Amino acid sequence: MTSTDARTADGTPGTGGYAAARSRLLTQGARPGPPRRAALAELTDQWLAELFTEGATGTAGTTDAGGVYGVSLVAVGGYGGGELSPHSDLDLLLLHDGHDSTAIAALADRLWYPVWDLGLALDHSVRTPAQARKTAGEDLKAQLGLLHARHLSGDPGLTSALRAVVLADWREQAPARLPELQELCAARAERHGELRYLLEPDLKEARGGLRDVTALRAVAASWLADAPRAGLADARRTLLDVRDALHLATGRAGDRLTLQEQDQVAADLGLPDADALLRQVYDAARVISYAGDVTWREVGRVLRSRAARPRLRALARGAFGRTTAGAPVTERSPLAEGVVEQDGEVGLSRTARPERDPVLVLRAAAAAAQAGLPLSPHAARRLAASVRPLPTPWPAEARDRLVSLLGAGRPSVQVWEALDAEGLITRLLPDWERVRCRPQRTAVHRWTVDRHLIETAVRAAGMTRRVDRPDLLLVAALLHDIGKGEPGDHGVAGERIARDMAGRIGFDRADTTVLATLVRHHLLLVDTATRRDLADPATVRAVAGTVGAQSTLELLHALTEADALATGPAAWFAWRGALVGDLVERVSALLAGDEPAVPRAPVPTAEQERLAVEAFRTGGPVLALRARTEPPAEEPSGAPLGAELTVALPDRPGVLPATAGVLALHRLTVRTAELRTLDLPDALHDTPVLLLTWRIAAEYGSLPDATRLRADLVRALDGSLDIAARLAERDAACPRRRGGAAPPPRVTVAPAASRHATVIEVRAQDAPGLLFRIGRALERAGVRVRSAHVSTLGANAVDAFYVTTDGGAPLPAREAASLARALEQAL
């Protein structure tokens, strides 16, 4: 853009011309990515330079060439790097020599106001070099911004002098300031989380984001250490490209990639969907995070070495009368064939020959993990450059080293990530690419698929003493979700992939079959325990028929617990663990030859019997509400305090929807629910009484009084309280919030799940009133609910209902299918 393009007709600085040119550039100008960011920075540079020149006339001295001296305009921070995202801040410093402060203030106004008039974000300051240097010494963030100072207009000598002194100060102060910078990065990571695992990541502030790249550049500028450069520039470019697309999609500045914007951003970047976008973002964040880990370890090593040198010189001077030159030589301790420990890292020995030893990569990784030490980046790069591929099937040593790596527990994570950063994991296990950096769009999961698999192996490492074949447990933990990279049921897809991988790793046919079974059915125990009647012999026989052997059941039990613990706090807690343990005991007994007993009605507690008798005597509902005063063992850690509500009343139509609806009206969240008919004492034997047990929690506020709940339940049962209308009114009054679209509900009939009832499974997005709508639909269908097993996993409700005809028999197949369709339509 020429000077006249940047001016209006009357000769004033061309704010309107800049705005038009900026708009053209962002919509139809330079191609996206670095070219557009550089072009936008150049366009902005020219506009600001003309604003400065126009405003500086008469403000400062001029050179013989007509340039300005004694004052300069400097770009700092991100803008100082020479690239500019569509709606990023303009970080500007007006630098002056301290003369004529009134004129400098006037110049500042002529610079800042046109920027504000265009609605651009501006981070500005006016300082002398001495003031800028003092501020940098006191404020680490200001010092980081000045490391990228770039001259825009005015006196270049002023800018150059400031750059020189700031860099010199940074290098001199680095031993003290780098630990402060590391703490700043750690605190930011604590606040914003890990970019590579977040469903709505902050591209700038989260760990592995753009702020960390700035920190790594600052470390490099200190000359104390440098980050691994392989892939780092591409990772930064990826995050900047995504942020550019986000800015243009939203029309505003922002770094959080929210769910509602992901599809548009993906389309703008030419990606097929939001998952492909997140995989790119996660991959970039992983490169940056790994570079940060390596760099900060190197910084620590350098600083420790510097601190030790004076002591070593003193010791050497005392021993030999002279000073030893250079850094101390660190000892190399052998860990395995071709593998040594040196200076707190695991590297390759001088005699190691990766090009002749294909097992060396797994030997080094296992040694590092078992020693609890990081794998040296240099060693990882050397292995990636020269190690030979393993033969198929793997030799026994390679398989054993993989098991040793997985069995090391928590230290295996950093070693695995070092291998992954150099591309070694996908070379060892090509199928790993299916799940690498793959997002999981459920609130229950904390990690991406690949990290979840490693976390499961970490958990399983603590359970290896519980099983006869710890090697099968650890490999099953690594592979149990490998099918999530494929369409359809990930257990079915995973079985096929795991069978192939196990054969290539070197397991024999029998072990491969066990691994395939574990992967195919890794959800069997927890699904059955939480959604089936464990007293029903059909439930126990179905599980026993699937696992087939006691040893497989033992492995599956440990894998189930490890998988749930690695998922997140909402997936495993004492109550769920007790249900799974109960199921395993019953199946184990059956596999040992003991037939499951015919189901009997559970013996009521004294409290339940009292409530049932009172319900029979009064002919109406009787409630007992027991609030929790401390987090119960059967709830997830950190869950809000809740209560147990027991409702007893004579059997009649509409009990389930009425009770669920009243709870929804009182904004009570149902965590679990059980419904059954209670056998009363002999005197009342012919009078059926329903017993409903609910574990509930207040959505917000305190729990309601039991008397109010009972009063509303009575009204709901007699029809004077229209629950459906009340819930609809409340829904209409609530503001609609944008968010990711939930998948549609799914209702199925579980085949052969029980000989005594038909089992209807409901999977849907959890929402207030969901259980009310389900209960109402079941009542309208004219079926009897013998028992209900309700559970909530994050934002998902997974419920099972045992239903019968009025005569107490299972539904005919056609009626069951019709009921499932009607229930799905009602939801």
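Residues numbered from 1 in each chain as written. Predicted model: local features only at pLDDT ≥ 70, side-chain atom pairs only at ≥ 80, totals over all residues. Heavy atoms only, no water.

1. Examining the overall build of the chain
From N to C terminus, the chain includes 30 helices and 17 strands. Nonlocal contacts in the chain, meaning residues at least 24 apart in sequence, comprise 70% of its contacts between residues at least 6 apart. Summed over all atoms, the accessible surface of the chain reaches about 37400 Å², with 51% contributed by carbon and sulfur. (Helix = DSSP H or I, 4+ residues; strand = E, 2+ residues; numbered from the N terminus. Contact = heavy atoms within 4.5 Å. Areas by Shrake-Rupley, 256 points an atom, 1.4 Å probe, with all protein chains shown as cover.)

2. A closer look at unusual backbone geometry
Note the cis peptide between Thr392 and Pro393, where omega equals -5°. Note on placement: Pro393 falls in the loop between helix H13 (377-386) and helix H14 (396-406).

3. Examining the packing of aromatic side chains
Using the criterion set out here, one finds four aromatic pairs in the structure. Their ring planes at 5° and their centres at 4.2 Å tell us that Tyr18 and Trp47 sit as a pair that is stacked. Separated by 29 residues along the polypeptide, Tyr18 in helix H1 (residues 15-28) and Trp47 in helix H2 (residues 34-56) bring together distant segments of the chain. Tyr18 sits in the buried class, given a relative accessible area of 0%. Judged by centre distance (5.1 Å) and plane angle (90°), the rings of Tyr113 and Trp116 are edge-to-face. (Phe/Tyr/Trp six-rings, centres within 6.5 Å; stacked < 30°, edge-to-face > 60°. Buried < 20%, exposed > 50% of the residue type's maximum accessible area, 1.4 Å probe, protein only.)

4. Overview of the nonpolar core
Of all hydrophobic cores here, the largest spans 94 residues; its most connected members are Trp394, Trp416, Leu429 and Trp432. When residues in this core are grouped by element, the largest group, nine residues, is from helix H12 (residues 360-371). Dropping the residues within four chain positions of it, Leu429 is found in contact with Trp394, Trp416, Leu478, Met501 and Ile505. Membership of the second largest hydrophobic core comes to 51 residues, among which are Leu645, Ala664, Val747 and Ile760. (Core = buried A, V, L, I, M, F, W, Y, C linked by side-chain atoms within 4.5 Å.)

5. Structural notes on the pattern of salt bridges
By the definition in use, this model includes 49 salt bridges. A salt bridge links Glu298 to Arg301; the nearest nitrogen and oxygen atoms lie 2.6 Å apart. Taken together, the positions of Glu298 and Arg301, both in helix H11 (residues 274-320) and three residues apart, correspond to about one turn of that helix. A relative accessible area of 27% means that Glu298 is categorised as partly exposed. Across the salt bridge formed by Asp511 and Arg469, the nearest N and O atoms sit 2.9 Å from each other. Of this pair, Asp511 sits in helix H20 (residues 509-520) while Arg469 sits in the loop between helix H17 (449-461) and helix H18 (470-479), placing them 42 residues apart in sequence. Several salt bridges converge on common partners, so that one network encompasses Glu194, Arg196, Arg207, Asp293, Arg410, Glu417, Arg451 and Glu455. (Salt bridge = Lys/Arg side-chain N within 4 Å of Asp/Glu carboxyl O.)

6. A word on the environment of Ala562
Of note, Ala562 is situated in helix H23 (residues 550-567). Separated by 103 residues in the primary sequence, Ala562 and Arg459 have C-alpha atoms spaced 5.0 Å apart. Not counting chain neighbours up to four residues away, the residues in contact with Ala562 comprise Thr456, Arg459, Ala460 and Met463.

7. Observations regarding the pairing of strand E7 (residues 332-336)
Residues in a regular strand point their side chains to alternate faces of the sheet. Sheet topology places E7 next to strand E8 (residues 339-342); four bridges connect them, and they run antiparallel. Directly across from Pro334, in E8, lies its bridge partner Val340. Between the end of E7 and the start of E8, which pair antiparallel, lie two residues, with Gly338 showing a positive phi angle near 80°. (Pairing = 2+ DSSP bridges.)

8. Let's talk about H14
Residues of H14 that are buried include every one of Ala398, Arg399, Leu402, Val403, Leu405 and Leu406, and no others. The buried residues of H14 occupy an angular sector of 160° when projected down its axis, which confines them to one face. Elements that come into contact with the buried residues of H14 comprise H12, helix H15 (412-421), H17, H18 and helix H19 (490-505). (Arc of directions from axis to C-beta.)

9. So, the confidence of the model for the chain
Looking at the chain, pLDDT values average 86 and 88% of them are 70 or higher. Confidence, read as mean pLDDT per element, is least for strand E1 (residues 61-62) in the chain (52) and greatest for H20 (97). Low pLDDT, under 50, characterises residues 1-13; the predicted model gives this stretch 20 contacts beyond four residues in sequence or across chains. Considering only residues more than four positions removed or in separate chains, one finds that residues 630-641, a stretch of pLDDT under 50, has 22 contacts. (pLDDT = per-residue confidence, 0-100.)

10. A look at the packing of H14 against H15
Two elements in contact, H14 and H15, have axes separated by 9 Å at closest approach and are oriented at 125°. Accordingly, the angle class assigned to the pair H14 and H15 is oblique. Mapping the contact onto sequence places Leu402, Leu405 and Leu406 in H14 and Ser412, Val415, Trp416 and Leu419 in H15. Counted by class, the contact of H14 with H15 contains six nonpolar, one polar and no charged residues. (Axes fitted to C-alpha atoms, helices over the stretch in contact; angles between N-to-C directions. Parallel < 35°, antiparallel > 145°, perpendicular 65-115°, else oblique. Nonpolar A, V, L, I, M, F, W, Y, C, P; charged D, E, K, R; others polar.)

11. Thoughts on the side chain of Arg451
Within the secondary structure, Arg451 is located in helix H17. Taking the relative accessible area as the measure of exposure, Arg451 reaches 12% and is therefore buried. The residues contacting Arg451, other than those within four sequence positions of it, are Arg196, Tyr197, Arg410, Val413 and Glu417.

12. Here we look at the sheet that holds strand E5 (residues 122-127)
Read across the open sheet, the four strands follow the order E5-E4-E3-E6; overall the sheet is mixed. Since the sheet does not close on itself, it has two edges, and those belong to E5 and strand E6 (150-154), each with one partner. Taken over all neighbouring pairs, the strand axes of this sheet differ in orientation by 20° on average, direction set aside. The sheet contact formed by strand E4 (residues 90-96) and E5 spans six bridges and is parallel. Looking across to E5, one finds that Leu94 is bridged to Val126.

13. What about H13?
Among the residues of H13, those classed as buried are Pro377, Ala379, Ala380, Leu383 and Ala384. Within H13, the buried residues cover an arc of 165° as seen down the axis, which keeps them to one side. With respect to the buried face of H13, the exposed residues turned more than 90 degrees away are His378 and Ala385. In this structure Ser376 caps H13, since a side-chain oxygen of it lies 3.2 Å from the backbone nitrogen of His378. (Polar contact = N/O pair within 3.5 Å; in protein donor to acceptor, adjacent residues only side chain to side chain.)

14. Quick notes on the packing of H2 against helix H4 (residues 101-117)
Packing of H2 against H4 leaves a shortest axis separation of 8 Å and a crossing angle of 145°. Relative to H4, the crossing made by H2 is right-handed. Listed contacts from H4 to Trp47, Leu48, Leu51, Phe52, Glu54, Gly55 and Ala56 of H2 are Leu107, Arg110, Leu111, Pro114 and Val115. Considered class by class, the residues forming the contact of H2 with H4 number nine nonpolar, one polar and two charged. (Left-handed = near helix turned anticlockwise from the far one by under 90°.)

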